[in-house]
Amino acid sequence: MSDQPPILNEVDTYGPAYMRVANQLGRYEGNEEEAPLAMELLGVKAGDRVVDAGCGLGRFVAALADNGVDAVGVDISEIAIAEAKREYPGPTYYVADLMQPLPPELKGFDGLVSLSSSFGFGATVAEDEAMMRAYHEMLRPGGKMAMELSDLERSRYRLKTDEGVVERETNGVQETLDVDFTTGMLHVHYVYGDDVVDSRIRMYEAEDLDRMAAEAGFHDVEHYGNFAGGPKRPEDRLVLVATA
């Protein structure tokens, strides 16, 4: 029996192949326009320190840097960070596992973003709760977090089913989605050309995220349907903003 702890995804699952799939699906369209809106939600300005937790290939954190933010991108994947440094060299990048004790350089931020459903990858709910505590630890008192993710309400709306497998094609990407709304677990199998990616994530109801944030020490939790501060509709990704 392996001594390794259980995981949902390999460390480099969300490397270049996934990013090619995500770009084809339009997942990162609008990052440049959303960055200043996110800054407004976070209450940060040029010169403030903002960390993108789970920055992937760095497109959003680079957009923050372009708006004058002292931007830091953090990801567990060495491959993703290497690509980010090559494609978007402006921000400061770190390879780090946020489930481990945080070094001083990853604390005291004025703002934190966790985007494109970068939350929910713990092997257990307890690990996701620990990640929420890490987000809180990374912020200074009064600093704000903005999480952007698909909650279970959105998934029910989009999949139009409570169980089973859904197959669809979008912009040439074949997707097979297997969702269990009882556990919140979603497995997506992507095929795009020679790229084949399997992604597993645990989704939550908005009220469960509220509880997790409060237990981690956050307060003044707010929900939006976009970075412009619009109301959350069932079809929208959830933008959850909270204060440390």
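Here the structure is a predicted model, which means the values were calculated and not measured.

Q: I'm lost on the pairing of strand β7 (residues 173–180) in this one. Help?
A: The side chains of a regular strand alternate between the sheet's two faces. Residues of β7 alternate between two faces, with Val-173, Glu-175, Leu-177 and Val-179 buried on one and Gln-174, Thr-176, Asp-178 and Asp-180 left unburied on the opposite face. Looking at chain direction, strand β6 (residues 165–170) and β7 are connected through six bridges and run antiparallel. By the bridge assignment for β7, Val-165 is matched with Asp-178. Counting the residues between successive antiparallel strands, the hairpin from β6 to β7 contains two residues, one of them, Asn-171, with a positive phi of roughly 50°. Pairing of β7 with strand β8 (residues 185–192) involves seven bridges; the strand directions are antiparallel. Across the sheet, Asp-178 pairs through a bridge with His-187, a residue of β8. With antiparallel pairing between neighbouring strands as the criterion, β7 and β8 make up a hairpin whose turn holds four residues, including Gly-184 at a positive phi of roughly 85°.

Q: So what exactly am I meant to see when it comes to the side chain of Glu-148 here?
A: Structurally, Glu-148 is set in strand β5 (residues 139–149). Take Glu-148: its relative accessible area is 13%, and that puts it in the buried class. There is a polar contact of 2.5 Å between the side chain of Glu-148 and the backbone nitrogen of Ser-116.

Q: Can you help me understand the side chain of Asp-128 in this one?
A: Within the fold, Asp-128 resides in helix α5 (residues 125–138). Residue Asp-128 is classed as buried on the basis of its relative accessible area, which comes to 2%. If near-sequence neighbours (up to four positions away) are discounted, Asp-128 is found in contact with Phe-119, Gly-120, Phe-121, Gly-122, Arg-202, Tyr-204 and Met-212.

Q: Sorry if this is basic, but what is going on with the nonpolar core here?
A: Side chains of nonpolar character tend, in soluble globular proteins, to be buried together. By size, the foremost hydrophobic cluster in this structure holds 31 residues, and its most contacted members are Leu-98, Phe-119, Met-132, Tyr-135, Met-145 and Phe-218. Contributions of two or more residues to this core are made by β1 (49–53), β2 (70–75), β4 (109–114), α5, β5, α7 (206–216) and β11 (238–243). If sequence neighbours within four positions are ignored, Leu-98 has contacts with Ala-53, Val-74, Leu-106, Met-131, Ala-134, Tyr-135 and Met-138. Core analysis: the second largest hydrophobic core is formed by 24 residues, Val-44, Phe-60, Ala-71 and Val-239 among them.

Q: Please explain the confidence of the model for the protein as it appears in this structure.
A: Chain-level statistics for the protein give a pLDDT mean of 89 and a share of 91% at 70 or above. Overall, residues 1–6 carries pLDDT values under 50, and its contacts beyond four positions in sequence, including any with other chains, amount to one contact.

Q: So what exactly am I meant to see when it comes to the sheet that holds strand β9 (residues 195–202) here?
A: Picture the strands of a sheet paired through backbone hydrogen bonds; they go either parallel or antiparallel. Taken together, the four strands give an open sheet; going across it, the order is β6-β7-β8-β9, and neighbouring strands pair in antiparallel fashion. Where the open sheet ends on each side, the last strands, each with one partner, are β6 and β9. When the angles between neighbouring strand axes are averaged without regard to direction, this sheet yields 15°. Judged from the eight bridges that link them, β8 and β9 form a sheet pairing that is antiparallel.

Parameters and conventions
- Residues numbered from 1 in each chain as written.
- Predicted model: local features only at pLDDT ≥ 70, side-chain atom pairs only at ≥ 80, totals over all residues.
- Heavy atoms only, no water.
- Buried < 20%, exposed > 50% of the residue type's maximum accessible area, 1.4 Å probe, protein only.
- Helix = DSSP H or I, 4+ residues; strand = E, 2+ residues; numbered from the N terminus.
- Pairing = 2+ DSSP bridges.
- Polar contact = N/O pair within 3.5 Å; in protein donor to acceptor, adjacent residues only side chain to side chain.
- Contact = heavy atoms within 4.5 Å.
- Core = buried A, V, L, I, M, F, W, Y, C linked by side-chain atoms within 4.5 Å.
- pLDDT = per-residue confidence, 0-100.
- Axes fitted to C-alpha atoms, helices over the stretch in contact; angles between N-to-C directions.

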